[in-house]
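Understanding the architecture of this molecule
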Amino acid sequence: MRFFVSGMPGVGKTTLAKRVADEIRREGYKVGGIITQEIRSGPKRVGFRVIAIDTGEIGRLAYVGYGQPRLGKYVVDVEGFEKVAIPAISRALREADLIVIDEIGPMEFKSNEFLKALGLVLKSEKHLLATVHRRLVDRYRPLGEYYWLTPENRNEVFAEILGKIKRGLKNENSSDKAKD
Ligand SMILES: Nc1ncnc2c1ncn2[C@@H]1O[C@H](COP(=O)(O)OP(=O)(O)OP(=O)(O)O)[C@@H](O)[C@H]1O
């Protein structure tokens, strides 16, 4: 099962990804991958950090400043991002029942290692929940179930995705047991 969730900035993509990860973990399954959060200084957004879902390790993805590669006012810290994100995705590929990737976006695309890791995830049979930047939607929408998140539908979409993942994992477990 693969789910791709997109929507306007601030609509709740990260919140949905985190809530699904928490609920699936609470059911006793292993969840891995990455969550992206903004870094704030008071009311100002001054960058982004990446967090490994399994270990909680934090890396810097972007900051306001001078340097390359850049996207608008942000400099992408490719090394800081890769140090946390690539091992987190590799571990998830080995160990997790569900891989969460928040997000597939233009900043992450500055990392070739991320693109490679994402390619491996998409080649694998692992269940995936990914949030996708709205400009990259066309590329990922055909690869799974796609949702465009709005303030009106976000709780419903959360419940629907969570329900589908739970059922999928339970069915797998029971068919594994039947094989034993
Ligand atoms: N289902 C929800 N109910 C109430 N508030 C929500 C919900 N989802 C998100 N929010 C609030 O909206 C704000 C933005 O959420 P979030 O960071 O998840 O959005 P995002 O789409 O990931 O943003 P970005 O475009 O920066 O990645 C947060 O303050 C969050 O608490």
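Model, not experiment: these values are computed from the prediction.

Procedures and definitions
Residues numbered from 1 in each chain as written. Predicted model: local features only at pLDDT ≥ 70, side-chain atom pairs only at ≥ 80, totals over all residues. Heavy atoms only, no water. Helix = DSSP H or I, 4+ residues; strand = E, 2+ residues; numbered from the N terminus. Rg over C-alpha atoms; globule rule 2.2 N^0.38 Å. Buried < 20%, exposed > 50% of the residue type's maximum accessible area, 1.4 Å probe, protein only. Pairing = 2+ DSSP bridges. Contact = heavy atoms within 4.5 Å. Axes fitted to C-alpha atoms, helices over the stretch in contact; angles between N-to-C directions. Phe/Tyr/Trp six-rings, centres within 6.5 Å; stacked < 30°, edge-to-face > 60°. Lys NZ or Arg CZ within 6 Å of the ring centre and 35° of its normal. Near = heavy atom within 4 Å. Polar contact = N/O pair within 3.5 Å; in protein donor to acceptor, adjacent residues only side chain to side chain. Areas by Shrake-Rupley, 256 points an atom, 1.4 Å probe, with all protein chains shown as cover. Nonpolar A, V, L, I, M, F, W, Y, C, P; charged D, E, K, R; others polar. Expected span 1.5 Å × (residues − 1).

1. Remarks on the overall build of the chain
Secondary structure assignment for the chain yields five helices and nine strands. Here the C-alpha radius of gyration of the chain, 16 Å, is about what a compact globule of 180 residues would show, namely 16 Å. Taken along the three principal axes of its C-alpha coordinates, the chain extends 60 × 35 × 30 Å. A burial count over the chain gives 47% of its 180 residues as buried.

2. Thoughts on the sheet that holds strand β2 (residues 31-41)
Strand pairing in a sheet takes place through backbone hydrogen bonds and is either antiparallel or parallel in direction. A sheet is described by the order of its strands in space; here nine strands give the open sequence β5-β6-β4-β3-β2-β7-β8-β1-β9, paired in mixed fashion. Each edge of the sheet is formed by a strand with only one pairing partner; in this case those strands are β5 (70-71) and β9 (145-149). Examined bridge by bridge, strand β1 (residues 2-7) and β9 share five bridges and lie parallel to one another. By the bridge assignment for β9, F3 is matched with E145. Its contacts with the sheet put helix α1 (residues 13-26) on β1, β2, β7 (98-104), β8 (127-132) and β9, and the angle it makes with β2 is roughly 140°.

3. Quick look at the packing of aromatic side chains
Going through the model one piece at a time under the given rule, you end up with four aromatic pairs. Relative to Y74, the ring of F48 lies with its centre 5.3 Å away and its plane at 65°, an arrangement referred to as edge-to-face. Placement of F48 in strand β3 (residues 44-52) and of Y74 in strand β6 (residues 74-76) is noted, with a sequence separation of 26 residues between them. For the pair shown, F48 and Y74 are each scored as buried. Lying across the ring of Y146, R141 places its NZ or CZ 4.7 Å from the centre.

4. Quick look at the site of the ligand
Around the ligand, the surrounding shell consists of P9, G10, V11, G12, K13, T14, T15, R19, R45, R154 and N155. V11 is positioned such that a nitrogen or oxygen atom in its backbone is 3.2 Å from an oxygen atom of the ligand. One nitrogen or oxygen atom from the main chain of G12 is found 2.9 Å from an oxygen atom belonging to the ligand. Burial of the ligand by the protein amounts to 59% of the accessible area it has alone, namely 630 Å². Elements supplying a minimum of two residues to the shell around the ligand: α1 and α5 (154-179). A total of four residues in the shell around the ligand trace back to one element, the largest contributor, which is α1. Grouping the constituent residues of the shell around the ligand by class yields two nonpolar, five polar and four charged.

5. Here we look at helix α2 (residues 78-95)
Helix length check: α2, at 18 residues, gives a terminal C-alpha distance of 25 Å against a target of 26 Å (1.5 Å per residue), a fit within 8%. What α2 keeps buried is the set V78, G80, F81, V84, A85, I86, A88, I89, R91 and A92. On its buried side, α2 packs onto β2, β3, β4 (58-64), β6, β7 and α3 (112-123).

6. Let's talk about the pairing of β3
If a strand is regular, its side chains alternate between the two faces of the sheet. Here β2 pairs with β3 via eight bridges, running antiparallel. Looking across to β3, one finds that S41 is bridged to K44. With antiparallel pairing between neighbouring strands as the criterion, β2 and β3 make up a hairpin whose turn holds two residues, including G42 at a positive phi of roughly 65°. Two strands pair when backbone bridges link them, and β3 and β4 are joined in this way by five bridges, in the antiparallel orientation. Bridged to I51 within β4 is I58.

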